[in-house]
Amino acid sequence: MGLLGLLAGLVACSGADNAPAPRNINLYQDWSLQPGDRIANYQVHSGLGDVALDIRGNRLYMPFGGQVQPASGHGEDCVVVSSPEVPAYLFRLCGLRQTRLGDRRQGDTVGQGDIVALATLRRQADGTWAMVEPAKEMIEQFLTQP
């Protein structure tokens, strides 16, 4: 088997087909600069409404059971965390690497990073999402494994 055949076999076994679809979030308020945008060939990692944390290569954890999906239109290092336990909220995390997508249990690793930007979004009556200030306790739950 040639190198191409071996690579094709590895890709087929990696489970990439089972990855959740990117989540598109219709924001109530919108700013021109978003995570994933590029300025002078540098990638934007956070913007208005995001809290940037220097977690020094450490992991982020699921504070509750739910799903981790890629964030549509925000580059490859942003994900959206959702949960039936907090249906009125979404959490966008940017700056991650080694991200674990799909259904996750409380305490599972979401990913790790150096500078990670977290945005908390609350569902509005019209179905859009508004960025809100995250509670310190919620951020702590992402930072510590239960």
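These lines cover the structure that appears in this document, whether it is placed above or below. (Residues numbered from 1 in each chain as written. Predicted model: local features only at pLDDT ≥ 70, side-chain atom pairs only at ≥ 80, totals over all residues. Heavy atoms only, no water.)

1. A word on the overall build of the protein chain
For step 1, the next point in the chain: Counting secondary structure elements, the protein chain contains two helices and ten strands.
For step 2, the next point in the chain: Starting at the N terminus and ending at the C terminus, the protein chain contains elements arranged as α-β-β-β-β-β-β-β-β-β-β-α.
For step 3, the next point in the chain: Within the protein chain, contacts between residues separated by at least 24 positions form 64% of all contacts whose residues are at least 6 apart in sequence.
For step 4, the next point in the chain: Here the protein chain displays about 8800 Å² of accessible surface, and carbon together with sulfur accounts for 51% of that area. (Helix = DSSP H or I, 4+ residues; strand = E, 2+ residues; numbered from the N terminus. Contact = heavy atoms within 4.5 Å. Areas by Shrake-Rupley, 256 points an atom, 1.4 Å probe, with all protein chains shown as cover.)

2. What about the nonpolar core?
One recurring pattern in soluble globular proteins: nonpolar side chains tend to sit buried together.
For step 1, the next point in the chain: Among the nonpolar cores identified, the biggest contains 16 residues, and Leu60, Val81, Leu93, Leu96, Val110 and Phe142 are the most heavily contacted of them.
For step 2, the next point in the chain: Those elements that place two or more of their residues in this core are β6 (78–82), β7 (89–97), β9 (109–123) and α2 (136–143).
For step 3, the next point in the chain: Residues within four places of Phe142 in sequence aside, it is in contact with Arg59, Leu60, Tyr61, Pro63, Val81, Phe91, Leu93 and Leu118.
For step 4, the next point in the chain: Among the nonpolar cores identified, the runner-up in size contains ten residues, and Val80, Leu90, Trp129 and Met131 belong to it. (Core = buried A, V, L, I, M, F, W, Y, C linked by side-chain atoms within 4.5 Å. Buried < 20%, exposed > 50% of the residue type's maximum accessible area, 1.4 Å probe, protein only.)

3. Structural notes on the environment of Cys94
For step 1, the next point in the chain: Relative to the assigned elements, Cys94 resides in strand β7.
For step 2, the next point in the chain: With relative accessibility at 1%, the residue Cys94 sits in the buried group.
For step 3, the next point in the chain: Separated by 48 residues in sequence, Cys94 and Ser46 place their C-alpha atoms 7.2 Å apart.

4. Side note on the pattern of salt bridges
For step 1, the next point in the chain: Under the criterion given, the structure shown has four salt bridges.
For step 2, the next point in the chain: When the shortest N-O distance is used, the salt bridge between Asp108 and Arg104 registers 3.8 Å.
For step 3, the next point in the chain: Judged by its relative accessible area of 17%, Asp108 is buried.
For step 4, the next point in the chain: One salt bridge in this structure joins Arg105 and Asp108, with 4.0 Å as the shortest N-O distance.
For step 5, the next point in the chain: Residue Arg105 is classed as exposed on the basis of its relative accessible area of 63%.
For step 6, the next point in the chain: One salt-bridge network, in which partners are shared between bridges, spans Arg104, Arg105 and Asp108. (Salt bridge = Lys/Arg side-chain N within 4 Å of Asp/Glu carboxyl O.)

5. A closer look at the state of the cysteines
For step 1, the next point in the chain: For the structure shown, the criterion picks out one disulfide.
For step 2, the next point in the chain: Disulfide pairing is shown between Cys78 and Cys94; the S-S distance is 2.1 Å. Looking along the S-S bond of the Cys78-Cys94 disulfide, the torsion reads about 115 degrees, which is the right-handed sense. Taken together, the residues span a long stretch of sequence, with Cys78 in strand β6 and Cys94 in strand β7 at a distance of 16 residues. You'll find Cys78 and Cys94 in the same group, each marked buried. (Disulfide = S-S within 2.5 Å.)

6. Structural notes on the packing of aromatic side chains
The relation between two aromatic rings is expressed through the spacing of the ring centres and the mutual angle of the planes.
For step 1, the next point in the chain: Within this structure, the stated rule accounts for two aromatic pairs.
For step 2, the next point in the chain: Measuring from ring centre to ring centre gives 5.4 Å for Phe91 and Phe142, while their planes differ by 65 degrees; the resulting arrangement is edge-to-face. Here Phe142 lies in helix α2 and Phe91 lies in strand β7, a separation of 51 residues in the sequence. An identical accessibility class is assigned to Phe91 and Phe142; each is buried.
For step 3, the next point in the chain: Members of the aromatic cluster, joined through ring pairs, are Phe64, Phe91 and Phe142. (Phe/Tyr/Trp six-rings, centres within 6.5 Å; stacked < 30°, edge-to-face > 60°.)

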